[in-house]
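Remarks on the overall topology
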Amino acid sequence: MTYVHRLSPALPVDAGVLGGKGSGLVTLMRLGLPVPAGFVVSTAACRDFLRDGRLPGGLAVELAAAVRDLETATGRTFGGADRPLRVSVRSGAAVSMPGMMNTFLDVGGPSAQTAADRLRAAVEAVFASWHTPRATSYREVHDVPHDLGTAVVVQEMVFGDRDEHSGSGVAFSRDPGTGVKAPYGDVLFGHRGDDVVSGRVATRPIEALADREPAVWAALLDGLDRAERHYRDVCHVEFTVESGRLWFLQVRPGGLAGRAAVRVAVDLADEGIIDRATAVRRVSARQIRAARVPRIRTGTPVLARGVGASPGVATGRIAVTADQAARMAAAGPVILVRPHTSPLDMHGLAAAAGIVTTIGGPTSHAAVVARSMGRPAVVGATALTVDPATGRVHTPDGSFAEGTVFTIDGTGGEVVAGPAETTTDDAGPHLSRLLGWATPGG
Amino acid sequence: MTDLPVLHTLRCLGFTDLDRVADAAGLTTPDTESRLIDLAVDGLVTRTPGAFGGWGLTEAGKAADARLVAAELDAAGTRREVTAAFEAFLVLNPELLDLCTAWHLRPVDGVPETNDHTDTAYDARVLARFVDLDRRAADVCAALTAALPRFGRYRGRLTAALDLARAGKREHLADTTTSYHSVWFQLHEDLLVTLGMPR
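Being a predicted model, the structure only gives us computed values, none of them experimental. (Residues numbered from 1 in each chain as written. Chains lettered and ligands numbered in written order. Predicted model: local features only at pLDDT ≥ 70, side-chain atom pairs only at ≥ 80, totals over all residues. Heavy atoms only, no water.)

1. A short note on helix 4 (residues 59–76) of chain B
All names here are of chain B. Applied cut-off: Comment: elements are numbered from the N terminus, with helices defined as DSSP H or I runs of at least four residues and strands as E runs of at least two. A helix's residues, less one, multiplied by 1.5 Å, set its expected span. Accessibility here uses a 1.4 Å probe with only protein chains present; expressed as a share of the type maximum, an area under 20% marks a residue as buried, one over 50% as exposed, and anything in between as partly exposed. By construction, the arc corresponds to the directions joining the helix axis to the C-beta atoms.
Here helix 4 is 18 residues long and its end C-alpha atoms lie 26 Å apart, about the 26 Å a rise of 1.5 Å per residue gives. Buried residues of helix 4: Gly61, Ala64, Asp65, Val69 and Leu73, and no others. Axial view of helix 4: buried residues confined to an arc of 165°, hence all on one face. Across from the buried face of helix 4, at angles greater than 90 degrees, the exposed residues are Glu59, Arg67, Asp74 and Ala75.

2. Focus on the packing of helix 5 (residues 79–104) of chain B against helix 8 (residues 180–194) of chain B
Residue and element names in this part refer to chain B. Spelled out, the test is: Where helices are involved, their axes are fitted lines through C-alpha atoms of the stretch in contact, as for all axes, and angles between N-to-C directions lie from 0 to 180°. Oblique is the label for any angle not under 35 degrees, not over 145, and not in the 65 to 115 range, which are roughly parallel, roughly antiparallel and roughly perpendicular in turn. Helix crossings get a hand from a simple test, with the near helix turned counterclockwise from the far one by less than a right angle marking a left-handed crossing and a clockwise turn marking a right-handed one. Residue contacts are counted whenever heavy atoms from the two residues lie within 4.5 Å of one another. Only Asp, Glu, Lys and Arg are considered charged in this grouping, and only Ala, Val, Leu, Ile, Met, Phe, Trp, Tyr, Cys and Pro are considered nonpolar; every other residue, Gly among them, is considered polar.
Interaxial distance between helix 5 and helix 8 falls to 11 Å at its minimum, and their mutual angle equals 150°. When the axis of helix 5 is compared with that of helix 8, the two are roughly antiparallel. Considering the relative orientation of helix 5 and helix 8, their crossing is left-handed. Facing Val82, Phe86, Phe89, Leu90, Leu92, Asn93, Leu96, Leu97 and Cys100 of helix 5, the residues of helix 8 in contact are Tyr180, His181, Trp184, Leu187, His188, Leu191 and Leu192. Of the residues in the contact of helix 5 with helix 8, the class split is 13 nonpolar, three polar and no charged.

3. Focus: helix 3 (residues 29–41) of chain B
Residues and elements named next belong to chain B. Rule in force here: Any N or O atom pair separated by 3.5 Å or less is treated as a polar contact, with the protein-specific requirement of one donor-capable and one acceptor-capable atom, and with residues adjacent in sequence counted only for side-chain atom pairs.
Relative to the 18 Å expected for 13 residues at 1.5 Å per residue, helix 3 spans 18 Å between its end C-alpha atoms, a close match to the ideal helical length. Within helix 3, burial applies to Thr32, Leu36 and Leu39. Angularly, the buried residues of helix 3 cover 60° about the axis, an arc narrow enough to put them on a single face. Counted as exposed and oriented over 90 degrees from the buried face of helix 3: Pro30 and Val41. Between a side-chain oxygen at the N-terminus of helix 3 and the backbone nitrogen of Asp31 the separation is 3.2 Å; the capping residue is Thr28. Taken from the residues just after helix 3, Gly43 is the one with a positive phi, measuring 80°.

4. Description of the sheet that holds strand 18 (residues 385–387) of chain A
All names here are of chain A. Basically, it comes down to this: Strand pairing is assigned whenever DSSP identifies at least 2 bridges connecting the two strands.
Taken in spatial order, the three strands line up as 18-19-20 in an open sheet, and their pairing is antiparallel. In the strand order of this sheet, the two ends are held by strand 18 and strand 20 (398–401), each with one partner. Strand-to-strand twist of the sheet, defined as the mean angle between neighbouring strand axes without regard to direction, takes the value 25°. Strand direction decides the pairing type here: strand 19 (residues 392–395) and strand 20, joined by four bridges, are antiparallel. What sits directly across from His394, in strand 20, is Ser399.

5. Observations concerning the interface of chain A and chain B
Rules: Note: buried area is the sum, over both parts, of the accessible area (probe 1.4 Å) each one loses when the two are combined. By definition here, a salt bridge exists when the distance from a side-chain nitrogen of Lys or Arg to a carboxyl oxygen of Asp or Glu is within 4 Å.
Listed by partner, the interface residues are 35 residues for chain A and 35 residues for chain B. Contact between chain A and chain B buries roughly 3000 Å² in total, counting both sides, with carbon and sulfur atoms accounting for 65%. In this assembly, chain A and chain B are joined by two salt bridges. Asp143 of chain A is paired through a salt bridge with Arg125 of chain B; the nearest N and O atoms lie 3.8 Å apart. For the interface between chain A and chain B, the tally reads six residue pairs in polar contact (both at pLDDT 80 or more). Listed by contribution, the elements that provide at least two residues to the side of chain A that touches chain B are helix 5 (133–141), helix 11 (285–291), helix 13 (346–351) and helix 14 (365–373) of chain A. Looking at which element gives the most residues to the side of chain A that touches chain B, the answer is helix 5 of chain A, with six residues. A per-class count over the side of chain A that touches chain B returns 17 nonpolar, twelve polar and six charged.

6. Focus on the domain arrangement of chain B
Residues and elements named next belong to chain B. Let me state the cut-off plainly: Residue ranges for the domains trace back to a domain assignment, done automatically or taken from a database.
Looking at the assigned domains, one finds that chain B contains domain 1 (4–72) and domain 2 (78–194). Of note, the centres of domain 1 and domain 2, computed from C-alpha atoms alone, are 24 Å apart. Counting residues at the interface gives twelve residues for domain 1, matched by twelve residues for domain 2. Of the roughly 1100 Å² buried between domain 1 and domain 2 on both sides combined, carbon and sulfur atoms contribute 51%. Three residues, Cys12, Arg20 and Glu72, lead the burial of domain 1 against domain 2; their summed loss comes to 40% of the area buried on that side. Run the count over domain 1 and domain 2 and you get two salt bridges. Across the contact surface, domain 1 and domain 2 share seven residue pairs in polar contact (both at pLDDT 80 or more).

7. A few points about the UniProt feature "domain: PEP-utilising enzyme mobile" (unreviewed entry) in chain A
Here is the rule: UniProt positions are given in the numbering used here, feature names are shortened, and annotations may be inferred rather than shown by experiment.
Summarizing the sequence annotation, UniProt attributes the feature "domain: PEP-utilising enzyme mobile" (unreviewed entry) to residues 333–413 of chain A in the numbering used throughout. When the span residues 333–413 of chain A is considered, its composition is 19% helix and 35% strand, and the gap between its end C-alpha atoms is 19 Å.

8. Notes on the sheet that holds strand 6 (residues 167–172) of chain A
Within a sheet, adjacent strands bond to each other through the backbone by hydrogen bonds, running parallel or antiparallel. Residues and elements named next belong to chain A. Across the sheet, which stays open at both edges, the five strands sit in the order 8-7-6-9-10 with antiparallel pairing between neighbours. Where the open sheet ends on each side, the last strands, each with one partner, are strand 8 (204–205) and strand 10 (245–253). The pairing of strand 6 with strand 7 (residues 184–189) spans six bridges and is antiparallel. Bridge assignment links Phe172 to a residue of strand 7, and that residue is Tyr184. The strands touched by helix 8 (residues 214–231) within the sheet are strand 6, strand 9 (235–242) and strand 10, with strand 10 carrying the most contacts at an inclination of about 25°.

9. Some remarks on the nonpolar core
To keep things clear, this is the line we draw: In plain words, nonpolar cores are sets of buried Ala, Val, Leu, Ile, Met, Phe, Trp, Tyr and Cys residues tied together by side-chain atoms within 4.5 Å.
Membership of the largest hydrophobic core comes to 42 residues, with the highest contact counts inside it found for Leu96, Val126, Phe130, Leu144, Tyr180, Trp184 and Leu191 of chain B. Aside from chain neighbours lying at most four places away, what touches Leu191 of chain B is Val82, Phe86, Phe89, Leu144 and Phe151 of chain B. Core analysis: the next-biggest nonpolar cluster, separate from the first, contains 31 residues, Val26, Met29, Leu220 and Ala227 of chain A among them.

10. Comments concerning the side chain of Thr357 of chain A
As for its placement among the helices and strands, Thr357 of chain A is situated in strand 16 (residues 354–357). With near-sequence residues (within four places) excluded, Thr357 of chain A lies in contact with Arg338, Pro339, His340, Thr341, Ala366, Val378, Val379, Gly380 and Ala381 of chain A.

11. Remarks on the packing of aromatic side chains
Heads up, the rule is: Think of it this way: a Phe, Tyr or Trp ring, Trp meaning its six-membered ring, pairs with another when their centres are within 6.5 Å, and the plane angle makes it stacked under 30 degrees, edge-to-face over 60, tilted otherwise. By definition, being over a ring means that NZ of Lys or CZ of Arg is both within 6 Å of the ring centre and within 35 degrees of the ring normal.
Throughout the structure, instances matching the rule amount to six aromatic pairs over all chains. Their ring planes at 25° and their centres at 4.7 Å tell us that Phe89 of chain B and Trp184 of chain B sit as a pair that is stacked. Residue Phe89 of chain B is found in helix 5, and its partner Trp184 of chain B is found in helix 8; the two are separated by 95 residues along the sequence. Comparing Phe89 of chain B with Trp184 of chain B shows no difference in burial state: the two are buried. Connected via pairs of aromatic rings, a cluster forms that spans Phe89, Phe130, Tyr180 and Trp184 of chain B. Of note, Arg139 of chain A hangs over the ring of Trp130 of chain A, and the distance from its end group to the ring centre comes to 4.0 Å. The lysine or arginine in question, Arg150 of chain B, covers the ring of Phe151 of chain B, its NZ or CZ lying 4.8 Å from the ring centre.

Quick look at the structure:
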């Protein structure tokens, strides 16, 4: 086949052809890890589509053949009546462009013809989404060539919302905030993956799997370990559990910053996974500068972790409405905690020393405003719920009245109760060793 | 009769000072203050004193505003057109937020760093995309203004912010209360309130 490549360990790992997602899945298969059966429509097909304005001739035939293979592999029929084959259709360019292009879940249909038509339409829509103005802006700003095109990954659907032994999650092989060697991530039982990243549903810490699905937990740890050893770096995975069975949907190496990047490089060298010269090469001067940004000290119990949206550490009494924040600010620093913010909260944002939202992401109103004012902010702290009626902030394990002191870290996204010790030196011992390795004779 | 132009302007600004209400409403400061005082007498707006004080709507004011803009839209008979324009706005909105974020933060060697604005080529690229987005936003604003003339003020305010940024006053992209982002967000709020949608 010219454009369509069946996902298999034998497929050459080439992100230029398969995209980052597709080549990561092949790598996972080579490591013996469970990946839903499927195929990749190459970036070449996308480039032809972008040039000609239509799907390349012959692609329909290749898709039909790939679907037949997938039917054989899964024992299900695409467009069939009884437990039919349904697929996910996801974008995946060679360069990560998170959230910029389309994804379609649960594609299928009442007849073979309808299902095939919908699959073709979904592939075309993913290709077309390469040229949306938003994606174009992203590439312009981040210096990504406009002519790369995206691959499309088509896989048998696995359902995180299938039953009580199902769920979805994301995991790092090490804590991305500190670099400590322990899996870190979120899991959402009974939901599909899109709910995990939406920031709209409260997730559970990844360790919740250990009690609830011990076999899945063991398989996840094993997978993270194998991926780390292969990439010789910290890894991030997306996964779905369907009826007690773990499936990996994506893997990406690296991506840590500051003190976490320093610690991971040094620990990987100590573990013999990389040599010291590689550790030194991996940590740029910028990473070292970032490692010295003031942070809440590692080891402080964390109430919730969202996304660090505006750097810096702030301590203050919590207020749950903008009006209260403006009133309380006269008496001392205030941390404004809101589900999300709007112009109606501007006076509270202006009065607050730090801002926390429980939903929304790093491009939300709260995040943009906080950065424009130079205030620390944490967004998407989904473990918190705000109750303006009672003036309380709830966590799964407790409840805090307005006026309680919180400290937030807008770099790592941590929210902690009480005043917290901050430090610029958490990476200290690791950083000293790394710098020692960088010195000739060190 | 309730002064809807000033009440609704303040509703979309949120909570703010007199000068910003006047600027957004296109009125003189004394005229705006006198109108706000009339609205306060009716219990629809209130002025909070203090360092973080300012003008804002009461709950009664929010309810009155919602009722009046709904009646205004019904009278205009253009709900379908405003809804279509809102859908077009929602396509542009994530891109605008991406650009504001890119203006503030910049990944360097995988580390998201505060954009220190020393890389003029980077800043120029971001600004160029604001300009490109603004061209597309102009179509949305034109459709909205045709449907409901009071939306016409947003076009001028967005253009004013972008012109200042292009003239070198780059804080007018996303860092001031009259920045492109601020006006954009008020337009977003206005559309939600006008169509009676929750945020």
